[in-house]
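What follows is each chain in one-letter form.
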Amino acid sequence: MIFASPLVEGRLIRRYKRFLADVQLPGEVITASCPNTGSMLGCCDPGMRVWLSEHDSATRKYRHMWQIVEVGSVMVGINTGLPNALVAEAIAQGSIAELTGYRSVRREVAFGTEGSRVDLVLESPRRKACYVEVKNVTAAAKEGVALFPDCVSERGAKHLRELMRLKASGMRPVQLYCVQRGDVNEVRPADAIDAEYGRTLREAIDAGVEVLAYRARVTPTEIRIEERVAVVCP
């Protein structure tokens, strides 16, 4: 995914009220929207370099939206609204080998018994429908290891339960972690943050839910899914 216009570089002053961030730009301090409802563990320290998109729509309260943060020497995509589009683009380009060969893709499809919506449904004649739930991953506990979730995620556990029910009904369910940082080689459940999510993920794997993780290359001009990484549940 190529950004429609150049991003603006600044320095993070603070992130607050979950959805807002004050950023120092050349000559001014602005408030940007923060499109991430998680804790942003390790990704929102004051002084970090950040990149913002600019929007001129009259309906937007804030002109700037936070897209990328530099953690150490690594750029991390923090916008949780992007992974669905990134994954759909990668599927269309054949970059996710496990999800090739489907004729059509539907987005945000209602399903399940708990009032859920699945991110993508892949369909093709004479093939089982494939239900893909996408999660954004930004937190890294140590070199090469990413964690999910970065805060308690009852919604994430609910989606895993729904995927297990799909598997039991004969469908093909897939949990896909979109890792928006290039320094990660594996994804693990953040048991110390949300033990229930970790337990449910292990249960889903045992039930036959496919669990994949793909790493994206993040730059101020483009974010693109490039490579599969391991999902490890010790």
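Cut-offs applied
The residue numbers shown here count from 1 along each chain, following its written sequence. Local features in this predicted model are restricted to residues whose pLDDT is 70 or higher, and side-chain atom pairs enter the listing and the counts only when it is 80 or higher, whereas totals over whole chains, interfaces and linings include all residues. Neither water nor hydrogens contribute to the side-chain values; these are computed over all heavy atoms in the structure. By the criteria applied, helices consist of DSSP H or I runs no shorter than four residues and strands consist of E runs no shorter than two, each listed in order from the N terminus. Side-chain atoms alone can form a polar contact between residues adjacent in sequence; in general such a contact is a pair of N or O atoms within 3.5 Å, and within protein one must be able to donate a hydrogen while the other accepts it. Should a side-chain nitrogen of Lys or Arg be within 4 Å of a carboxyl oxygen of Asp or Glu, the pair is scored as a salt bridge. For each residue, the accessible area found with a 1.4 Å probe, counting protein chains only, is set against the maximum for its type, and the residue is called buried under 20%, exposed over 50%, and partly exposed in between. Grouping buried Ala, Val, Leu, Ile, Met, Phe, Trp, Tyr and Cys residues that are joined through side-chain atoms within 4.5 Å yields what is termed a nonpolar core. Working rule for contacts: check all heavy atoms of both residues, and any pair within 4.5 Å makes them a contact. Ring geometry is summarised as follows: Phe, Tyr and Trp rings, the Trp one being its six-membered ring, pair when their centres sit within 6.5 Å, and such pairs are stacked at plane angles under 30 degrees, edge-to-face over 60 and tilted between the two. Charge over a ring is defined by NZ of Lys or CZ of Arg lying within 6 Å of the ring centre and within 35 degrees of the ring normal. Two strands make a pair as long as DSSP finds a minimum of two bridges between them. With axes taken as lines fitted to C-alpha atoms, and helix axes fitted only over the stretch in contact, angles between N-to-C directions fall between 0 and 180 degrees.

Q: Please give an account of the environment of E222 that cites residues and values.
A: Locating E222 in the fold gives a position in the loop between strand 14 (210-218) and strand 15 (223-231). In this structure the C-alpha to C-alpha distance between E222 and E9, which are 213 residues apart in sequence, comes to 15 Å. A distance of 2.3 Å separates polar atoms of two side chains, one belonging to E222 and the other to R224.

Q: Describe the pattern of salt bridges, naming the residues involved and giving the relevant values.
A: Following the criterion strictly, the structure yields 21 salt bridges and no others. Two residues, D56 and R63, come together in a salt bridge whose shortest N-O distance is 3.4 Å. A relative accessible area of 43% places R63 in the partly exposed class. With a closest N to O distance of 2.9 Å, R165 and E114 form a salt bridge. One end of the pair, R165, is in helix 2 (residues 154-168); the other, E114, is in the loop between strand 7 (104-111) and strand 8 (116-123), and 51 residues separate them in sequence. Assessed through its relative accessible area of 36%, R165 is described here as partly exposed. With relative accessibility at 26%, the residue E114 sits in the partly exposed group.

Q: So, the nonpolar core: which residues are in play, and what are the values?
A: With 29 residues, the main nonpolar core has V87, I96, L99, V132, L176 and I225 as its most contacted residues. The set of elements that each furnish at least two residues to this core consists of helix 1 (83-92), strand 8, strand 9 (130-137), strand 12 (172-179), strand 14 and strand 15. No other element matches helix 1, which puts 5 residues into this core. In this structure V132 touches L99, V118, D119, L120, L122, V174 and L176, once residues within four positions along its chain are discounted. Core analysis: the second largest hydrophobic core is formed by 25 residues, V118, Y131, V137 and A204 among them.

Q: Please set out unusual backbone geometry residue by residue, giving values where relevant.
A: Residues other than glycine predominantly adopt negative phi, and peptide bonds predominantly adopt the trans conformation. In this structure, P149 follows F148 across a cis peptide bond, with omega equal to -5°. In this fold, P149 is placed in the loop between strand 11 (144-148) and helix 2. Phi at K17 takes a positive value of approximately 50°, unusual for a residue other than glycine. Along the polypeptide, K17 turns up in the loop between strand 1 (8-16) and strand 2 (20-25). Exposure remark for K17: the relative accessible area of 68% places this residue in the exposed category. The backbone of R126 shows a phi angle near 65°, a positive value even though the residue is not glycine.

Q: For the packing of aromatic side chains, give the residues involved together with the corresponding values.
A: Here the structure, examined in full by the defined rule, presents 3 aromatic pairs. Aromatic side chains F148 and Y177 sit 5.5 Å apart centroid to centroid with 50° between the ring planes, which places their arrangement in the tilted category. Residue F148 is located in strand 11, and its partner Y177 is located in strand 12; the two are separated by 29 residues in the primary sequence. We note that F148, like Y177, is buried. Plain terms: the ring middles of F148 and Y197 are 5.4 Å apart, the flat faces sit at 70° to each other, and that makes the pair edge-to-face. Of the two residues, F148 is situated in strand 11 and Y197 in helix 3 (residues 195-207); the sequence distance between them amounts to 49 residues. Pair check on accessibility: F148 and Y197 agree, each one buried. A cation over an aromatic ring shows up here: R14 above the ring of Y16, its NZ or CZ 3.7 Å from the ring centre. Positioned above the aromatic ring of Y102, the side-chain terminus of R127 is 3.9 Å from the ring centre.

Q: Break down the sheet that holds strand 12 for me, with residues and values.
A: What the 9 strands build is an open sheet, ordered 7-8-9-12-14-15-13-11-10; its pairing is mixed. The open sheet is flanked by strand 7 and strand 10 (139-142), the only strands paired with a single partner. Geometrically, the sheet is characterised by an average inter-axis angle of 40° between neighbouring strands, direction not taken into account. The sheet contact formed by strand 14 and strand 15 spans 6 bridges and is antiparallel. If you follow R217 over to strand 15, its bridge partner there is R224. Along the sheet, helix 2 contacts strand 7, strand 8, strand 9 and strand 12; its crossing angle with strand 9, the most-contacted strand, is approximately 160°.

Q: Describe the side chain of K135, listing the residues and the values that go with them.
A: The residue K135 is located in strand 9 in this model. A distance of 3.2 Å separates a polar atom in the side chain of K135 from a polar atom in the side chain of E133.

Purely geometric numbers; function is a separate question.
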